[in-house]
Amino acid sequence: MKTIKDLDIDGKRVFIRCDFNVPKDEFGNITDDRRIREALATIRYCIDRECKIVLASHYERPQPGKYEERFSLKPVAKRLHTLLKIKNEILMAEDVVGEDAKSKAASLESGDILLLENLRYEAGETSNDESFAKELASFADVYINDAFGACHRKHASIDAITRYFDQEHKAAGFLMAKEINFFSKMLEEPIRPFVAVVGGSKVSGKLQAMIKLVDKVDKIIIGGGMAFTFLKALGYEVGNSLVEDDLLAEAEEIMQKAKARGVKFYLPVDVVAAAEFSENTTVKYLPVQEIPEGWMGLDIGPASIRLFREALNDAKTIIWNGPMGVYEMDRYSKGSTMMSNIIAQTHATTVVGGGDTADVVNRAGDIDEMTFVSTGGGASLKLLEGERLPGVVALQA
Ligand code: AMP
């Protein structure tokens, strides 16, 4: 894959598609700026080459055409300025491809940075509209895609825009290249034992990735809500726990395939169960064989944590995607926190994918202990499924 280093960008106008879709709290404060920090390498590279820089990103899902302040990228411009430690302000456009953006882009000097407003304020972004893409493309001579977290989507700033740049004028940014290289290297030549830890709410979202992983890994550890579909497929009574009845056959098939390939398959042996989906209720620590009717498993229990620790002991490569329980509630967060601690303490190459999982690792204070924490949940899952990302395909077309 061609990267920004392969292009001649000196003094040119460069459009960088970033993924600044960062989490914010109820006061609008950015709670985790990792995606902004990870974009710095490419931006600094352009500053050093005296480029005129136009940055663009989506932020959450505003209604197109409606400029609501809570979806504005203004807080990102401020944080970016702080992180870059540069004297000049980051210019913030009031719109995406409107008058303000155009006049600010036209007056950029070498080394200046302009951030366009939330791409999704424009309907053309998600519909991959050609004319919107053309307007975006008119901002620059060179197009760089550094938005790994968004490149599994065929949107105008990811896909259609690339048609307006030839091979000498478009490439991946450093973050994008790092993410893709890391995942492909890990999947192609993992150091074994290679263990996948998969959790989260549902089997459905990760089914394809799991089918692929069974072919590659030595062990699979399942936690979170999705474990109950597997447990039910094995004949356990799981009460009111999250179950996808329409996927019982697929769950069974994955377990059969694992068995046939000699892949060790681990499910929770105990759970933290409650009668309702709430923190303010009685909880019981129970073996999976004893979940009472009407109760639901909301976290893995201490015996499962011990079992999973044993299974991870000899791992040399670990990929983790999906929390072990409803980690957003303190009461059901221990399984995920402990899993984070265990993985962080191994001597394995550790790769974390998925926004929720990165959040768990962050809360557990383990982020610096992991080998690699991906900035893209959906995109990293697509890579695990063995698919080529539309954003990467578009760069090579
Ligand atoms: P996903 O987006 O599929 O990775 O799922 C993440 C979500 O799964 C988190 O919001 C968790 O609260 C949720 N989750 C994890 N374990 C359970 C469980 N046992 N029951 C219900 N939801 C769960």
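Procedures and definitions
Residues numbered from 1 in each chain as written. Predicted model: local features only at pLDDT ≥ 70, side-chain atom pairs only at ≥ 80, totals over all residues. Heavy atoms only, no water. Helix = DSSP H or I, 4+ residues; strand = E, 2+ residues; numbered from the N terminus. Rg over C-alpha atoms; globule rule 2.2 N^0.38 Å. Buried < 20%, exposed > 50% of the residue type's maximum accessible area, 1.4 Å probe, protein only. Contact = heavy atoms within 4.5 Å. Areas by Shrake-Rupley, 256 points an atom, 1.4 Å probe, with all protein chains shown as cover. Lys, Arg positive; Asp, Glu negative; His and termini not counted. Charge placed at Lys NZ, Arg CZ, Asp CG, Glu CD. Polar contact = N/O pair within 3.5 Å; in protein donor to acceptor, adjacent residues only side chain to side chain. Pairing = 2+ DSSP bridges. Axes fitted to C-alpha atoms, helices over the stretch in contact; angles between N-to-C directions. Arc of directions from axis to C-beta. Salt bridge = Lys/Arg side-chain N within 4 Å of Asp/Glu carboxyl O. Phe/Tyr/Trp six-rings, centres within 6.5 Å; stacked < 30°, edge-to-face > 60°.

Some points on the overall build of the chain
Thinking step 1. Of the regular secondary structure elements, the chain holds 14 helices and 15 strands.
Thinking step 2. Computed over C-alpha atoms, the radius of gyration of the chain comes to 23 Å, within 12% of the 21 Å expected from 2.2 N^0.38 for 397 residues, which places it in the range of a compact globule.
Thinking step 3. By residue count, 56% of the 397 residues in the chain fall in the buried class.
Thinking step 4. Pairs at least 24 apart in sequence give 73% of the contacts found in the chain among residues at least 6 apart.
Thinking step 5. Accessible surface, the chain as shown: approximately 17100 Å² in total, 47% of it carbon and sulfur.
Thinking step 6. Seen as two clouds, the 50 positive and the 61 negative side-chain charges of the chain have centres 3 Å apart.

Remarks on the side chain of Asp-159
Thinking step 1. Tracing the backbone through its elements, the reader meets Asp-159 in the loop between strand S5 (142–145) and strand S6 (170–172).
Thinking step 2. Of the polar contacts made by the side chain of Asp-159, one reaches the side chain of Arg-163; its length is 2.9 Å.
Thinking step 3. When residues no more than four places from it in sequence are discounted, the contact partners of Asp-159 are Asn-128, Lys-154 and Ala-394.

Description of the sheet that holds strand S10 (residues 270–274)
Thinking step 1. Here three strands make up an open sheet; going across it, the order is S11-S10-S12 and the pairing antiparallel. Both outer strands of the open sheet, strand S11 (283–287) and strand S12 (296–300), are each paired with one neighbouring strand and no more. Within the sheet, the average angular offset between the axes of one strand and its neighbour, ignoring direction, is 40°.
Thinking step 2. By the bridge criterion, four bridges tie S10 to S12 in an arrangement that is antiparallel. What sits directly across from Val-272, in S12, is Asp-299.

Focus: the sheet that holds strand S15 (residues 372–373)
Thinking step 1. Pairing in this open sheet of six strands is parallel, and the strands run S9-S8-S7-S13-S14-S15 from one edge to the other. Where the open sheet ends on each side, the last strands, each with one partner, are strand S9 (264–266) and S15.
Thinking step 2. Inspection of the sheet shows strand S8 (residues 219–222) paired to S9 by three bridges, in the parallel sense. The residue bridging Ile-221 from the neighbouring strand is Tyr-266, located in S9.
Thinking step 3. Relative to strand S13 (residues 317–321), helix H11 (residues 334–345) is tilted by about 160°, and along the sheet it contacts strand S7 (194–198), S8, S13 and strand S14 (349–353).

Observations regarding helix H7 (residues 207–216)
Thinking step 1. Along H7, the positions that sit buried rather than exposed are Leu-207, Ala-209, Met-210, Leu-213 and Val-214. One face of H7 carries all of its buried residues, which in axial projection span an arc of 150°.
Thinking step 2. Tucked inside the fold, the buried residues of H7 contact helix H6 (174–188), S7, S8, helix H8 (227–233), helix H9 (248–261) and helix H13 (377–384).

A short note on the pattern of salt bridges
Thinking step 1. Scanning all chains against the criterion turns up 20 salt bridges.
Thinking step 2. Close ionic contact of Asp-359 with Arg-363 constitutes a salt bridge, the shortest N to O distance being 3.4 Å. With Asp-359 and Arg-363 both in helix H12 (residues 355–363), this residue pair falls four residues apart, about one helical turn.
Thinking step 3. On the basis of relative accessibility, which here comes to 52%, the residue Arg-363 falls in the exposed class.

A look at the packing of aromatic side chains
Thinking step 1. Applying the stated criterion across every chain yields a total of eight aromatic pairs.
Thinking step 2. Residues Tyr-67 and Tyr-121 carry aromatic rings whose centres are separated by 4.2 Å and whose planes lie at 25° to one another, so their mutual orientation is stacked. Residue Tyr-67 is located in the loop between strand S2 (52–56) and helix H2 (74–84), and its partner Tyr-121 is located in the loop between strand S4 (113–115) and helix H4 (123–126); the two are separated by 54 residues in the primary sequence.
Thinking step 3. For Tyr-121, a relative accessible area of 2% gives the class buried.
Thinking step 4. Ring geometry for Phe-148 and Phe-183: centres 6.5 Å apart, planes at 15°, overall stacked.

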